[in-house]
Amino acid sequence: MKTKIAASLTMVMVLAILWACPTDSAQSGKQIEWFSYDDGMVEARQSGKSIVIYFHADWCTYCIRMQKETFTHDSVIDFMNNKVVAVKVDVDKEKKVARAFGVRGLPATVMLMRNGDKVGPMPGFIPPKNYLSMLTKIMEQS
């Protein structure tokens, strides 16, 4: 009887650990190097890279989900750190920036291309693979 209980508890613990560990996210501890809006604009001018601006708020449920699911995915992290300048804007702290880009819903993503084109805002939660695919296609077409 004790063996069955111990085996059951072990199985529950293993399942809990597997459930808690995201399978499609960054296991390496890597993170996106986010820039403030002003610093990101400077970095983009110096590097010649396009800019991805992510608009969010602390109270936004889907922003929190985007942070936990999309921005922890290794491929998204690599893209954001190597292909573009990643800018993060809190709409409650930088209302003028959000208004200037026409952000009405959160989360929202805007791409500023090297050639000056603006793409977006693209509102809503976007899963990692879709986010990466969307950004890659936009860059290929600019």
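**Observations concerning helix H6 (residues 128-141)**
Then, number 1: For H6, built from 14 residues, the straight-helix expectation of 20 Å at 1.5 Å per residue is met to within 8% by its first-to-last C-alpha distance of 20 Å.
Then, number 2: For H6, the full list of buried residues reads Pro-128, Tyr-131, Met-134, Leu-135, Ile-138 and Met-139. The buried residues of H6 occupy an angular sector of 135° when projected down its axis, which confines them to one face. Exposed residues on H6 whose side chains face more than 90 degrees from its buried face are Lys-129, Glu-140 and Gln-141.
Then, number 3: In this fold, the buried residues of H6 make contact with strand S1 (50-56), helix H3 (61-70), helix H4 (74-82), strand S2 (84-90), strand S3 (108-112) and strand S4 (118-123).

**Quick word on the nonpolar core**
Then, number 1: Counting 41 residues, the largest nonpolar core has Ile-53, Phe-55, Met-80, Phe-101 and Tyr-131 as the members making the most contacts within it.
Then, number 2: Residue assignment for this core shows that the elements contributing at least two residues are helix H2 (37-47), S1, H3, H4, S2, helix H5 (95-100), S3 and H6.

**Notes on the side chain of Ser-50**
Then, number 1: Tracing the chain through its elements places Ser-50 in strand S1.
Then, number 2: Here Ser-50 falls in the buried class, since its relative accessible area comes to 1%.
Then, number 3: A polar contact is formed between the side chain of Ser-50 and the backbone nitrogen of Arg-114, at a distance of 3.3 Å.
Then, number 4: Setting aside chain neighbours within four positions, we find Ser-50 in contact with Val-84, Val-85, Leu-112, Met-113, Arg-114 and Met-139.

**Examining the pairing of S2**
Then, number 1: With six of seven residues buried, S2 is to be regarded as a mostly interior element.
Then, number 2: With seven bridges joining them, S1 and S2 adopt parallel strand pairing. Residue pairing in the sheet places Ile-53 in a bridge with Val-87 of S2.

**A few points about the confidence of the model for the chain**
Then, number 1: For the chain, mean pLDDT is 85; residues scoring 70 or higher make up 80% of the total.
Then, number 2: Contacts from residues 2-26, a stretch scored under 50 in pLDDT, to residues over four places away or in other chains number ten contacts.

**Describing H4**
Side chains that are three or four residues apart share a direction in an α-helix, a result of its 3.6 residues per turn.
Then, number 1: Burial in H4 covers these residues: Val-76, Ile-77, Phe-79 and Met-80. On an axial view of H4, the arc spanned by its buried residues comes to 165°, and they lie on one face.
Then, number 2: At its buried positions, H4 is contacted by S1, H3, S2 and H6.

Procedures and definitions
- Residues numbered from 1 in each chain as written.
- Predicted model: local features only at pLDDT ≥ 70, side-chain atom pairs only at ≥ 80, totals over all residues.
- Heavy atoms only, no water.
- Helix = DSSP H or I, 4+ residues; strand = E, 2+ residues; numbered from the N terminus.
- Expected span 1.5 Å × (residues − 1).
- Buried < 20%, exposed > 50% of the residue type's maximum accessible area, 1.4 Å probe, protein only.
- Arc of directions from axis to C-beta.
- Contact = heavy atoms within 4.5 Å.
- Core = buried A, V, L, I, M, F, W, Y, C linked by side-chain atoms within 4.5 Å.
- Polar contact = N/O pair within 3.5 Å; in protein donor to acceptor, adjacent residues only side chain to side chain.
- Pairing = 2+ DSSP bridges.
- pLDDT = per-residue confidence, 0-100.

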